[in-house]
Amino acid sequence: MKKERRKFSASFKAEVALEAIKERSTLQELAAKYQLHPTQITTWKREFLENASAAFGAEKPSEKDEGKEKELYSKIGELQVQVDFLKKVLGK
């Protein structure tokens, strides 16, 4: 019978990685506390440190999308005016 793999949330991984980075306790102590293998903690720590620059370097999508959204609504308004005008002209 196969044992099902455990799945961990991103917040749990970040919590464990942060504790490993703080180095207030050893990897063995953290492994016992969270019931993980020390290698797994080391892997999560390495991934956390490699991707840390993404937290500060990424643009906020809302700012970029907001300008695009305004542009699209403006275009929709123009097209709606054209459609209304053509309906009036062709309806006569």
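Look up: the structure comes first, before these words.
Residues numbered from 1 in each chain as written. Predicted model: local features only at pLDDT ≥ 70, side-chain atom pairs only at ≥ 80, totals over all residues. Heavy atoms only, no water.

Asker: I keep staring at the pattern of salt bridges and nothing clicks. Help me out?
Answerer: Side chains that carry opposite charge are capable of pairing whenever their charged atoms lie near each other. Applying the stated rule across the entire model yields two salt bridges. Glu19 is paired through a salt bridge with Lys33; the nearest N and O atoms lie 3.4 Å apart. Here the residue Glu19 occupies a position in helix α1 (residues 10-22), and Lys33 occupies one in helix α2 (residues 27-34), the gap between them amounting to 14 residues. Residue classification places Lys33 among the exposed positions, given a relative accessible area of 53%. (Salt bridge = Lys/Arg side-chain N within 4 Å of Asp/Glu carboxyl O. Helix = DSSP H or I, 4+ residues; strand = E, 2+ residues; numbered from the N terminus. Buried < 20%, exposed > 50% of the residue type's maximum accessible area, 1.4 Å probe, protein only.)

Asker: What is the right way to read the nonpolar core from this model?
Answerer: Note on soluble globular proteins: their nonpolar side chains tend to be buried together. Grouped together as the largest cluster of nonpolar side chains are eight residues: Val16, Ala20, Leu30, Ala31, Tyr34, Leu36, Ile41 and Trp44. For this core, the secondary-structure elements that each account for two or more residues are α1, α2 and α3 (38-50). Looking at this core element by element, the count peaks at three residues for α2. The contacts of Tyr34, once residues within four sequence positions are left out, are Phe12, Glu15, Val16 and Glu19. (Core = buried A, V, L, I, M, F, W, Y, C linked by side-chain atoms within 4.5 Å. Contact = heavy atoms within 4.5 Å.)

Asker: What's the story with α3 in this structure? I'm lost.
Answerer: Spanning 13 residues, α3 covers 18 Å between terminal C-alpha atoms, matching the ideal 18 Å at 1.5 Å per step. Among the residues of α3, those classed as buried are Pro38, Ile41 and Trp44. All buried residues of α3 fall inside an arc of 125° around its axis, so they share one side. The inward-facing, buried residues of α3 abut α1 and α2. (Expected span 1.5 Å × (residues − 1). Arc of directions from axis to C-beta.)

Asker: Can you help me understand unusual backbone geometry in this one?
Answerer: The phi angle of most residues is negative, glycine excepted, and most peptide bonds adopt the trans form. Positive phi outside glycine occurs at Glu23, with the angle close to 55°. Its place among the elements puts Glu23 in the loop between α1 and α2. One non-glycine residue with positive phi stands out, namely Gln35, at about 55°. Summarising the element assignment, Gln35 is placed in the loop between α2 and α3. Using a relative accessible area of 60% as the deciding quantity, one classes Gln35 as exposed.

Asker: I keep staring at the packing of aromatic side chains and nothing clicks. Help me out?
Answerer: We describe a pair of aromatic rings using the distance from one ring centre to the other and the angle between the two ring planes. Under the definition given, this model contains four aromatic pairs. Between Phe12 and Tyr34, the aromatic rings sit 5.5 Å apart at their centres with planes inclined by 80°, giving edge-to-face as the arrangement. Taken together, the residues span a long stretch of sequence, with Phe12 in helix α1 and Tyr34 in helix α2 at a distance of 22 residues. By relative accessible area, which is 21% here, Phe12 ends up partly exposed. Ring geometry for Phe12 against Trp44: centres 6.1 Å apart, planes inclined by 85°, an arrangement best described as edge-to-face. One end of the pair, Phe12, is in helix α1; the other, Trp44, is in helix α3, and 32 residues separate them in sequence. (Phe/Tyr/Trp six-rings, centres within 6.5 Å; stacked < 30°, edge-to-face > 60°.)

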